[in-house]
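# Summary of structural features
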Amino acid sequence: MTYLHWRKFKNIAFHASLYLAAVIVLLPLFLIVSYVFKMGASSLNLDFFLAFPKPVGEVGGGMRHAITGTLYLVAIASIISIPTGLLCGIYLSEFGKGKVATLLKFSIDMLTGVPSIIIGIFAYILIVVPLKGFSAMAGGVALSIIILPIVCRSTEEILKLIPQHIREAGLALGLPRWRVILNIVVKGNLSSLITGVMLAISRAAGETAPLLFTSFGNMYLSYRIDEPMASLPVQIYNYAISPFDDWRRQAWAGAFVLITIVLGINLLSRLLVKLGSLRHLIRRGIK
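Residues numbered from 1 in each chain as written. Predicted model: local features only at pLDDT ≥ 70, side-chain atom pairs only at ≥ 80, totals over all residues. Heavy atoms only, no water.

### Observations concerning the side chain of His65
The topology assignment puts His65 in helix α3 (residues 64-95). There is a polar contact of 3.4 Å between the side chain of His65 and the backbone oxygen of Asn218. Residue contacts for His65: discarding those within four places in its chain leaves Phe52, Pro53, Asn218, Met219, Tyr220, Leu221, Ala230 and Gln235. (Helix = DSSP H or I, 4+ residues; strand = E, 2+ residues; numbered from the N terminus. Polar contact = N/O pair within 3.5 Å; in protein donor to acceptor, adjacent residues only side chain to side chain. Contact = heavy atoms within 4.5 Å.)

See below:
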């Protein structure tokens, strides 16, 4: 075998190993999605989304209260954590030097690795015990702690990709630094920042352990922030361990809905990035 043939063989082998690795990574996802679809899709109907749970022993009902509660809890968590995470990421990207920035980065890295059940226990001690009751606020706070470090870290990494000369060009025009950061750095990467936010939300939407200690669950639809609230992950957990076949069937349907929501958010975030890149290319073409 000549040297040229040997190089071609190594190139083919390397590409084949990459494709094999991609298949190995995608295979578990495909198996999970296909199995959940097989078990849960047949149980979906209009009542599942619009009806409330039936009493124990009765067949039928739905998870309207759990789907609504999940959206409600995620909204509370987003209101608390997204503005803070964005501001923290902007600070680390634009002023990320010194002891304060180093301590902040270390804290974010540590917070990212904290198990979600520990976050649930922390929110339980912080809110549930003093207020002497489970509540939607406690669940929202627990989920906000999960969202916060992801938003902060993704914002920092996205803004670091902007070349320094763009910031210098804005300062050279006489703009104050806060306007350069807001109108050039942040606004120019808004679609990418939204992507990081949506990925953080999708992570929090599927969490179960923190909600067991905080919002706990509710068999009725409640919008009060100081009362227990149902959520789709907790409802799936409760139905999955129940002795009733109909509840286990609905648990699979809920799992299918939940995984569809998470995958949908991830795909939508990717679409926003592509649309942002396409819009940027169109503007460059017009100029």
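### Topic: the nonpolar core
Counting residues in hydrophobic clusters, the biggest one holds 28 residues, and the most contacted among them are Leu73, Leu143, Ile147 and Ile201. Beyond its immediate stretch of four places on either side in the chain, Leu143 contacts Leu73, Val74, Ala77, Ala204, Glu207 and Leu211. Among the nonpolar cores identified, the runner-up in size contains 17 residues, and Met63, Tyr239, Phe256 and Ile259 belong to it. (Core = buried A, V, L, I, M, F, W, Y, C linked by side-chain atoms within 4.5 Å. Buried < 20%, exposed > 50% of the residue type's maximum accessible area, 1.4 Å probe, protein only.)

### Focus: helix α1 (residues 3-40)
Across its 38 residues, α1 extends 55 Å between first and last C-alpha, which sits within 8% of the 56 Å expected from 1.5 Å per residue. In the structure, α1 departs most strongly from a straight axis at Leu26, where the bend amounts to approximately 30° and where the proline Pro28 lies between one and four residues downstream. (Expected span 1.5 Å × (residues − 1). Bend = angle between axes of the 7 residues up to and from the residue.)

### Topic: the layout of surface pockets
One way to see where empty space is left: roll a probe the size of a water molecule over the atoms. Reported here for the second largest pocket is a volume of approximately 200 Å³. Every residue lining the second largest pocket is counted, 13 residues in all, and those nearest its centre are Ser93, Glu94, Phe95, Gln164 and Arg177. Going through the elements one at a time, α3, α7 (164-172) and α8 (177-186) are the ones with two or more residues in the lining of the second largest pocket. Taken together, the residues of the lining of the second largest pocket break down into 5 nonpolar, 3 polar and 5 charged. (1 Å grid on protein atoms, 1.4 Å probe; cavity = no way out; pocket = protein on both sides within 12 Å on 5 of 7 lines; lining within 4 Å. Points joined across faces, edges and corners; volume = space filled by probe spheres on them. Nonpolar A, V, L, I, M, F, W, Y, C, P; charged D, E, K, R; others polar.)

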